[in-house]
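Here are the chains, one letter per residue:
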Amino acid sequence: MNIAIILAGGKGERLNPKIPKQFIVVNERPILYYSLKTFNNNINIDKIVLVTNKNHEKETENFLDKNKFNKIESIVFGGKTRKDSVFNALEHLKENNVNSKDIIVIHDSARAMIDDATINKCISKAKEYGASTAAKKTTDTIINSNGEKIISHLDRDFLYNVQTPQCFRFEIIYKAHIKNPHLNSTDDTFLVKSIGEKVHIVLSNNSNIKITTSDDIYFFESYLKNNKKK
Ligand code: CTP
Ligand code: MG
């Protein structure tokens, strides 16, 4: 079974301190709608665990009243950090007798332009190898700096932007969290690498950005216009 964990437990403070970005409406729908719709309609996704922010229960209720997704099987409250939010969803699955071989597909709801091809490739790599992530080859020149001066240039041929979805066999991602309760991490591949597992890369499409600032909203609006996706 392939189970998606859709993360919408954040506050979206960099975009708008008043309302979490997942509830910001773009083209008549909240951002969360677009990620959920793609996962709900994906033929390889069997069920969805939606992670939400406890302080925004009302918004979540309103959202789910208006938008029905038949594959959502449970709603879990997120934690203080993204890592805590993922762990809450994993614990929920564990308590509900998830199979250790099930593939867990973790996705930032803020990556609303995710496409089926990336999801499908990510799942099939995780089935084959145990762990995979979407990623994009870096196009900028990247440097090390102390904030004042350049310290060194990194070789761009070996640099990638790590994205989601990130797909793991349950036994691997659960062990990675259990073994690293104090490790701070903004993504799950770091934890999985730390327990010695190899993570395979799936090159994503160019639009799989994480909506973070208002510029990203303009990008998303034009993406929707061009793709007539609603
Ligand atoms: N997320 C989560 N629980 C948290 C923090 C983040 O589920 N405690 C989710 C967000 O909802 C988002 C994804 O993880 O879909 C990636 O995080 P990020 O882009 O940093 O979102 P926010 O934390 O909401 O934004 P910000 O950092 O600007 O406050
Ligand atoms: Mg954040």
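Everything below is about the structure shown above.
This text gives an overview of the structure that appears in the document. Just so it is clear, the structure is predicted and the values come from calculations on it, not from any experiment. (Residues numbered from 1 in each chain as written. Chains lettered and ligands numbered in written order. Predicted model: local features only at pLDDT ≥ 70, side-chain atom pairs only at ≥ 80, totals over all residues. Heavy atoms only, no water.)

So, about a nonpolar patch on the surface. Side chains of Y160, I201 and L203 sit close together on the surface and give an oily, nonpolar patch of about 270 Å² of accessible area. Mapped onto the elements, L203 comes out in strand β11 (residues 200-203). (Patch = residues over 30% accessible without salt bridge, like charges linked within 9 Å, V, L, I, M, F, W, Y side chains within 5 Å. Areas by Shrake-Rupley, 256 points an atom, 1.4 Å probe, with all protein chains shown as cover. Salt bridge = Lys/Arg side-chain N within 4 Å of Asp/Glu carboxyl O. Helix = DSSP H or I, 4+ residues; strand = E, 2+ residues; numbered from the N terminus.)

Within the largest apolar cluster, 36 residues are counted, with the highest numbers of intra-cluster contacts made by L36, F39 and F220. Listed by contribution, the elements that provide at least two residues to this core are β1 (2-8), α1 (31-41), β4 (47-52), α2 (57-66), β6 (103-108), α4 (116-129) and α7 (214-227). Residue contacts for F220: discarding those within four places in its chain leaves V26, I31, Y34, A112, M113 and I211. The next biggest cluster of nonpolar side chains, apart from the first, holds 23 residues, and it includes V51, F168, I173 and I195. (Core = buried A, V, L, I, M, F, W, Y, C linked by side-chain atoms within 4.5 Å. Buried < 20%, exposed > 50% of the residue type's maximum accessible area, 1.4 Å probe, protein only. Contact = heavy atoms within 4.5 Å.)

What follows is about the sheet that holds strand β7 (residues 131-137). If you trace the seven strands from one edge of the open sheet to the other, you get β5-β4-β1-β6-β10-β7-β11, paired in mixed fashion. On the outer flanks of this sheet lie β5 (72-77) and β11, each paired with one strand and no other. Neighbour to neighbour, the strand axes of the sheet diverge by 25 degrees on average, direction disregarded. Two elements, β4 and β5, share five bridges in a ladder whose sense is parallel. Bridging across to β5, V49 finds its partner in S74. Seen against the sheet, helix α5 (residues 170-179) touches β6 and β10 (160-169) and runs at an angle of roughly 115 degrees to β10. (Pairing = 2+ DSSP bridges. Axes fitted to C-alpha atoms, helices over the stretch in contact; angles between N-to-C directions.)

On to the side chain of S132. With respect to the element layout, S132 can be found in strand β7. Using a relative accessible area of 0% as the deciding quantity, one classes S132 as buried. A polar contact is formed between the side chain of S132 and the backbone oxygen of C122, at a distance of 2.7 Å. If sequence neighbours within four positions are ignored, S132 has contacts with C122, K125, A126, P165, Q166, C167, F168, V199 and H200. (Polar contact = N/O pair within 3.5 Å; in protein donor to acceptor, adjacent residues only side chain to side chain.)

If you check the shell around ligand 1, you find 18 residues, and the closest are G12, E13, R14, K21 and S85. Between ligand 1 and L7 there is a distance of 3.0 Å, counted from an oxygen atom to a backbone nitrogen or oxygen. Note that a nitrogen atom of ligand 1 is positioned 3.2 Å from one of the backbone N or O atoms of K80. Isolated, ligand 1 exposes 560 Å² of accessible area, and the fraction of that covered by the protein chains is 88%. When the residues that make up the shell around ligand 1 are grouped by side-chain class, the tally is three nonpolar, seven polar and eight charged. (Near = heavy atom within 4 Å. Nonpolar A, V, L, I, M, F, W, Y, C, P; charged D, E, K, R; others polar.)

As a further point, take the pattern of salt bridges. As enumerated under the stated definition, the model contains six salt bridges in all. Note that K101 and E171 form a salt bridge whose closest N and O atoms lie 3.0 Å from each other. One end of the pair, K101, is in the loop between α3 (82-95) and β6; the other, E171, is in helix α5, and 70 residues separate them in sequence. The network of salt bridges with shared partners includes R82, D108, R111 and D188.

Relative to the elements of secondary structure, C167 occurs in strand β10. Along the chain, C167 and N205 lie 38 residues apart, while their C-alpha atoms are 17 Å from each other. In this view, C167 contacts I103, I104, V105, C122, I123, A126, G130, A131 and S132; residues no more than four positions away in its chain are not counted.

Turning next to the packing of aromatic side chains. Going through the model one piece at a time under the given rule, you end up with seven aromatic pairs. Measuring from ring centre to ring centre gives 5.3 Å for Y33 and Y34, while their planes differ by 85 degrees; the resulting arrangement is edge-to-face. On the basis of relative accessibility, which here comes to 8%, the residue Y33 falls in the buried class. Overall, Y34 belongs to the buried group, its relative accessible area being 2%. Between F87 and Y174, the aromatic rings sit 6.4 Å apart at their centres with planes inclined by 15 degrees, giving stacked as the arrangement. Within this pair, whereas F87 is found in helix α3, its partner Y174 is found in helix α5, the two being separated by 87 residues in sequence. Under the relative-accessibility criterion, F87 is labelled partly exposed at 24%. Feature note: the residues Y33, Y34, F63, F69, F220 and Y223 constitute an aromatic cluster, connected by ring pairs. Above the plane of the ring of Y33 lies R29, whose end atom (NZ or CZ) is 4.3 Å from the centre. (Phe/Tyr/Trp six-rings, centres within 6.5 Å; stacked < 30°, edge-to-face > 60°. Lys NZ or Arg CZ within 6 Å of the ring centre and 35° of its normal.)

As far as function goes, none of this settles anything; it's purely spatial.
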